[in-house]
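Working through the structure, step by step
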Amino acid sequence: MGVEGVEKRYALLLACKDSEYVKEVYGGYFNVYVATFGEEGERWDLFRVVEGEFPEMNELGKYDGFVVSGSPFDAYGNECWIRKLRFLLRILDAMRKKVLGICFGHQVLCRALGGKVGKSGSGWDIGLRKVRIVKDRTPCAFLDDLDDLPPALSIIQCHKDEVWEVPVGAEVISFSDKTGVEMFTIGDHILGIQGHPEYTKDILNNLIDRLLNNSCIEKGFAEDARSKLQIAEPDRKCWERICKMFLKGR
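This structure is a prediction, so every number in the text was calculated from the model and none was measured.

This part takes up the packing of aromatic side chains. On inspection of all chains with the given rule, the structure shows six aromatic pairs. Their ring planes at 45° and their centres at 6.1 Å tell us that Tyr33 and Phe37 sit as a pair that is tilted. Linking Tyr33 with Phe37, this pair stays in helix α2 (residues 29–37), spanning four residues, or about one helical turn. Here the two residues Tyr33 and Phe37 agree in accessibility, since each one is buried. Ring centres of Tyr63 and Phe66 lie 5.2 Å apart, and the angle between their planes is 50°; this geometry places the pair in the tilted category. For the residue pair Tyr63 and Phe66, the accessibility class agrees, reading buried in each case.

The next subject is helix α8 (residues 236–248). For an α-helix, 3.6 residues make a turn, and residues three or four places apart therefore share a direction. When the terminal C-alpha atoms of α8 are compared, their 18 Å separation across 13 residues agrees well with the 18 Å that a helix rising 1.5 Å per residue should span. Among the residues making up α8, those that are buried are Trp239, Glu240, Ile242, Cys243, Lys244, Met245, Phe246, Leu247 and Lys248. Once α8 ends, the next one or two residues include Gly249, with phi positive near 70°.

According to UniProt, the positions carrying the feature "domain: Glutamine amidotransferase" (unreviewed entry) are residues 26–201. Taken as a whole, residues 26–201 contains 22% helix and 30% strand, while its terminal C-alpha atoms sit 13 Å from one another.

Moving on, we come to the state of the cysteines. On inspection of all chains with the given rule, the structure shows zero disulfides. For the unlinked cysteine Cys80, the closest cysteine sulfur is that of Cys16, found at 18 Å. We classify Cys80 as exposed; its relative accessible area is 56%. With no disulfide of its own, Cys243 has Cys238 as its nearest cysteine by sulfur position, at a separation of 11 Å.

The phi angle at Arg96 is positive, at roughly 60°, despite the residue not being glycine. Residue position: Arg96 is located in the loop between α3 (80–94) and β4 (98–102). Despite not being glycine, Cys103 shows a phi value in the positive range, around 55°. Looking at the secondary structure, you find Cys103 in the loop between β4 and α4 (104–112). A relative accessible area of 6% places Cys103 in the buried class.

In this fold, Ile102 is placed in strand β4. If we skip the residues at most four places from it in the chain, Ile102 touches Tyr33, Phe37, Val67, Val68, Ser69, Gly70, Ile193, Gly195, His196, Pro197 and Glu198.

Examined against the element boundaries, Glu182 turns out to sit in the loop between β9 (171–175) and β10 (183–186). Buried charge Glu182 goes without a salt bridge, the closest partner of opposite sign being Arg129 at 5.6 Å. Polar contacts involving the side chain of Glu182 include one to the side chain of Gln157, which spans 2.9 Å. Polar contacts involving the side chain of Glu182 include one to the side chain of Ser176, which spans 2.7 Å.

Turning to the packing of helix α6 (residues 201–213) against helix α7 (residues 219–230), a few remarks are in order. Where α6 meets α7, the closest approach of the two axes is 10 Å, and the angle between their N-to-C directions is 175°. With respect to their mutual orientation, α6 and α7 come out roughly antiparallel. Between α6 and α7, the contacting residues are Lys201, Leu204, Asn205, Ile208, Asp209 and Leu212 on the first element and Lys219, Ala222, Ala225, Arg226, Leu229 and Gln230 on the second. Across the contact of α6 with α7, the residue classes tally to six nonpolar, two polar and four charged.

Calculation criteria
- Residues numbered from 1 in each chain as written.
- Predicted model: local features only at pLDDT ≥ 70, side-chain atom pairs only at ≥ 80, totals over all residues.
- Heavy atoms only, no water.
- Phe/Tyr/Trp six-rings, centres within 6.5 Å; stacked < 30°, edge-to-face > 60°.
- Helix = DSSP H or I, 4+ residues; strand = E, 2+ residues; numbered from the N terminus.
- Buried < 20%, exposed > 50% of the residue type's maximum accessible area, 1.4 Å probe, protein only.
- Expected span 1.5 Å × (residues − 1).
- UniProt positions renumbered as here; feature names shortened; annotations may be inferred.
- Disulfide = S-S within 2.5 Å.
- Contact = heavy atoms within 4.5 Å.
- Lys, Arg positive; Asp, Glu negative; His and termini not counted.
- Salt bridge = Lys/Arg side-chain N within 4 Å of Asp/Glu carboxyl O.
- Polar contact = N/O pair within 3.5 Å; in protein donor to acceptor, adjacent residues only side chain to side chain.
- Axes fitted to C-alpha atoms, helices over the stretch in contact; angles between N-to-C directions.
- Parallel < 35°, antiparallel > 145°, perpendicular 65-115°, else oblique.
- Nonpolar A, V, L, I, M, F, W, Y, C, P; charged D, E, K, R; others polar.

Here it is as structure tokens:
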């Protein structure tokens, strides 16, 4: 499955199953990610890693970059597909392929490369969160080229796990008042983002409903998260620019 193109080729490693709502409204998460990170003339391929579907090893060199999605699974779990995904991520790191990890993807990327992840001591983070870009950091090309980037950005969050310790050689480039590692990089080829640049408020509201119906969160918590969504907007355009600059080098 892919978006036809002749210029660059990317792969989405989908670590979750499509919800009925996302299938009905957006045509599936693949479309959500490509709408956020894709551009005209590119080819995007879908691999449902959560269902055991992975790219062939001899095909990896054909890709310009990979995106690892969010997931309801724990990045510190040991399901067969998570072990296989960690192995793949280590290979991509050795090949210095561009890899962007989102939420679960951010955490499993960290774990695969030697970092530590686990449950957040302060519980769920759902809704909008301001994250701050670290000022005193090693120059980071895809950020430094965005000279009009504000020092703090709002992003949609939906997680109860987090990165505890980044891998050796990694650099934390963003944090929030709740989470110490909102973004990390390794060289110019690895980027992890704890929040969801691809989520709309509509997607998050539906997810809040599902978490509430499944007794994962309490009613008061859900209502508070929804109310905060109504009074502010995520900086989606800025996040799109950051991710595209990282993946495409422009």
